[in-house]
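Letter by letter, the chains look like this.
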Amino acid sequence: MGVSFSLTLGLSCALAGAIAASAQTAFYRAPPSAIVGPPGTLVRQEVIDGAPLGATAYRVLYRSTGLNDKPIVVSGVVIVPRGDPPPGGRPIVAWAHPTSGIVSRCAPSLAIFLFQQIQGLRSFVRDGYVVAATDYPGLGTVGPHPYLVGVSEARAVLDSVRVAGQLPGAGDGKKFVVWGHSQGGQGALFTGLIAKTYAPDLDLLGVAAAAPATDLVTLMNDDIDSVGGRNITAMTLWSWQRVYGANMEKVVDRRAIPAIDQLAKECIEGPFDIFARQRAGRPLEKYFLTTKHPADIEPWHMLLANNSPGALHAEIPVFLAQGTDDVIIRPKVTRDYANALCKAGSKVRMLSLPNIGHGRAAQASTGAVLDWTSDRFARRPPPDDCSR
């Protein structure tokens, strides 16, 4: 949500370099007996190489809660800085990743250059933060992935934080900030919405989101004529048909279904993937939807509205970053969401990024996020750009 096409499907630009997913292993599979247990507890872990600054990285499989409120397992990666934790445990940053795909093999934890995907990772590790990076349900583990389903993302994020505190060297930390981009920005905001009810044992100090997917109705209707927009819409329709039982043939030309199925199988992890998706999506330029405004048709309208984050609890500080050249998430949409937060009493830092498109929004705002995050853990008064 990413060169003409690499910017229109800019979400993938957050993944640095040409990244190829490695083959899945038995690590991601668990018998039913292993799935049952408290959310946020480990099923298994393994140390993986390549973490920066001597940190220890763990690939994790952990318990969470599915959309039907039944137990599921979710995979991800947790990076723990070297050395002993401070009293009370290390602070935790939860990274909510942008779109990587919608089938199981597209999990970021399977990517060769996974550490380059997490914006600010080296600086967070340097400053002593544990970084928890969920894959979300259905990526790595058995699908389908509930793409752009906010509650699904948020539960996975919160349970990754619970897991992160349990790992060696983390010191059972409970305090965290969530930081996400694009799809992950939506996930970060939904984390803020449900944290108190789903994970009252954790202490959320702030929510940071770059180019977040907020108003999904506007997103789908506005983006339908762009290459990147058609890709996002195709992935959403394919996923939601399987997750919600919403028949995409109500809005899709049947001649487009083979192209949609092909796009659903492909990951978005680097420039070569982008060009492959461009080829796969060309038929959609001729045949795609049977309506100009699919977001206005039920059940799509209701589902899109339900997965558009509302205002957060006023006591949760919020950081928003938005590129002025973003053609995937329109700047006005993010400004409107910031205004809604302000009206609800939130303290909002709104960072406008001149000449920045969608794909670079997280990278361009990382320095500001680092400073803002440090202040949250130091309990300094949050900045507030709201004009009340």
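Residues numbered from 1 in each chain as written. Predicted model: local features only at pLDDT ≥ 70, side-chain atom pairs only at ≥ 80, totals over all residues. Heavy atoms only, no water.

Participant: Explain the overall build of the protein here, please?
Facilitator: Within the protein one finds 13 helices and 9 strands. For 388 residues, the compact-globule estimate of 2.2 N^0.38 gives 21 Å, and the protein sits close to it at 19 Å. In the protein, which comprises 388 residues, the proportion classed as buried is 60%. Approximately 14600 Å² of the protein is accessible, and the part contributed by carbon and sulfur atoms is 53%. Between the centroid of the 37 positive side chains of the protein and the centroid of its 32 negative side chains there is a distance of 2 Å. (Helix = DSSP H or I, 4+ residues; strand = E, 2+ residues; numbered from the N terminus. Rg over C-alpha atoms; globule rule 2.2 N^0.38 Å. Buried < 20%, exposed > 50% of the residue type's maximum accessible area, 1.4 Å probe, protein only. Areas by Shrake-Rupley, 256 points an atom, 1.4 Å probe, with all protein chains shown as cover. Lys, Arg positive; Asp, Glu negative; His and termini not counted. Charge placed at Lys NZ, Arg CZ, Asp CG, Glu CD.)

Participant: What is the right way to read the pairing of strand S4 (residues 92-96) from this model?
Facilitator: On a regular strand, each side chain points to the face opposite its neighbour's, so the side chains alternate between the two faces of the sheet. Counting buried residues in S4 gives 5 out of 5 residues, a clear majority hidden from the surface. Every second residue of S4 is oriented toward a common face, with Ile 92, Ala 94 and Ala 96 on one face and Val 93 and Trp 95 on the other, all of them buried. Two strands pair when backbone bridges link them, and S4 and strand S5 (residues 130-134) are joined in this way by 4 bridges, in the parallel orientation. Bridge pairing in S5 places Trp 95 opposite Ala 133. As paired strands, S4 and strand S6 (residues 175-181) are joined by 5 bridges and run parallel to one another. Along S6, the bridge assignment pairs Ile 92 with Phe 176. (Pairing = 2+ DSSP bridges.)

Participant: Honestly, empty space enclosed by the protein in this entry has me stumped. Any pointers?
Facilitator: Using a probe with the size of a water molecule, rolled over the atoms, empty space left in the structure can be pinpointed. Size it by volume and the largest cavity reaches roughly 80 Å³. Around the largest cavity, the lining residues are Val 77, Trp 95, His 97, Pro 108, Ser 109, Leu 114, Gln 117, Ile 118, Ala 133, Thr 134 and Asp 135. Those elements that provide at least two residues to the lining of the largest cavity are helix H3 (114-117) and S5. Grouping the constituent residues of the lining of the largest cavity by class yields 6 nonpolar, 4 polar and 1 charged. (1 Å grid on protein atoms, 1.4 Å probe; cavity = no way out; pocket = protein on both sides within 12 Å on 5 of 7 lines; lining within 4 Å. Points joined across faces, edges and corners; volume = space filled by probe spheres on them. Nonpolar A, V, L, I, M, F, W, Y, C, P; charged D, E, K, R; others polar.)

Participant: Quick question: what am I supposed to make of the pattern of salt bridges here?
Facilitator: Pairing is possible between side chains that carry opposite charge, provided their charged atoms lie close to one another. For the structure shown, the criterion picks out 13 salt bridges. Taking the shortest distance from any N to any O, the salt bridge between Asp 203 and Arg 379 comes out at 3.0 Å. Linking Asp 203 in strand S7 (residues 203-210) with Arg 379 in the segment after helix H13 (361-377), this pair joins segments that are 176 residues apart in sequence. The exposure class assigned to Asp 203 is partly exposed, which follows from its relative accessible area of 27%. Connected through shared salt-bridge partners, Asp 159, Arg 162 and Asp 201 make up one network. (Salt bridge = Lys/Arg side-chain N within 4 Å of Asp/Glu carboxyl O.)

Participant: Looking at this model, I keep getting lost on the packing of helix H5 (residues 150-166) against helix H6 (residues 183-198). Mind explaining?
Facilitator: Two numbers describe a pair of packed helices, the interaxial angle and the distance between the axes. Running from amino to carboxyl end, H5 crosses H6 at an angle of 70°, the nearest separation of the two axes being 7 Å. The pairing of H5 with H6 is recorded here as roughly perpendicular in orientation. Judged by the sense of rotation from one axis to the other, the crossing of H5 with H6 is right-handed. Between H5 and H6, the residues in contact are Gly 150, Val 151, Glu 153, Ala 154, Arg 155, Val 157, Leu 158, Asp 159 and Arg 162 and Gln 183, Gln 186, Gly 187, Phe 190, Thr 191, Ile 194, Ala 195 and Tyr 198, respectively. Split into classes, the residues belonging to the contact of H5 with H6 amount to 8 nonpolar, 5 polar and 4 charged. (Axes fitted to C-alpha atoms, helices over the stretch in contact; angles between N-to-C directions. Parallel < 35°, antiparallel > 145°, perpendicular 65-115°, else oblique. Left-handed = near helix turned anticlockwise from the far one by under 90°. Contact = heavy atoms within 4.5 Å.)

Participant: Would you mind going over H5 with me for this structure?
Facilitator: Since the α-helix packs 3.6 residues into each turn, any two residues three or four apart lie on the same face. The end-to-end C-alpha distance of H5 is 25 Å, a good match for the 24 Å that 17 residues give at a rise of 1.5 Å each. With respect to burial, H5 is a largely interior element, 15 of its 17 residues being buried. (Expected span 1.5 Å × (residues − 1).)

Participant: Where do I start with the layout of surface pockets in this structure?
Facilitator: Of the voids in this model, the largest pocket is the one considered here, and its volume is about 450 Å³. Gly 66, Ile 72, Pro 137, Val 142 and Pro 144 are, among the 22 residues lining the largest pocket, the residues nearest its centre. Looking at the lining of the largest pocket, the elements with two or more residues in it are strand S3 (71-80) and H5. Among the elements that make up the lining of the largest pocket, the one with the highest residue count is S3 (3 residues). In terms of residue class, the lining of the largest pocket is made up of 13 nonpolar, 7 polar and 2 charged.

Participant: Explanation requested: the nonpolar core in the structure shown.
Facilitator: It is characteristic of soluble globular proteins that their nonpolar side chains tend to be buried jointly. Core analysis: the biggest nonpolar cluster contains 93 residues, and Phe 176, Val 252 and Ile 260 have the highest contact counts within it. Among the elements that make up this core, the one with the highest residue count is H5 (7 residues). Apart from the residues within four sequence positions on either side, Phe 176 is in contact with Ile 92, Ala 94, Leu 158, Val 161, Thr 191, Leu 202, Asp 203, Leu 204, Leu 205, Gly 206 and Phe 377. (Core = buried A, V, L, I, M, F, W, Y, C linked by side-chain atoms within 4.5 Å.)

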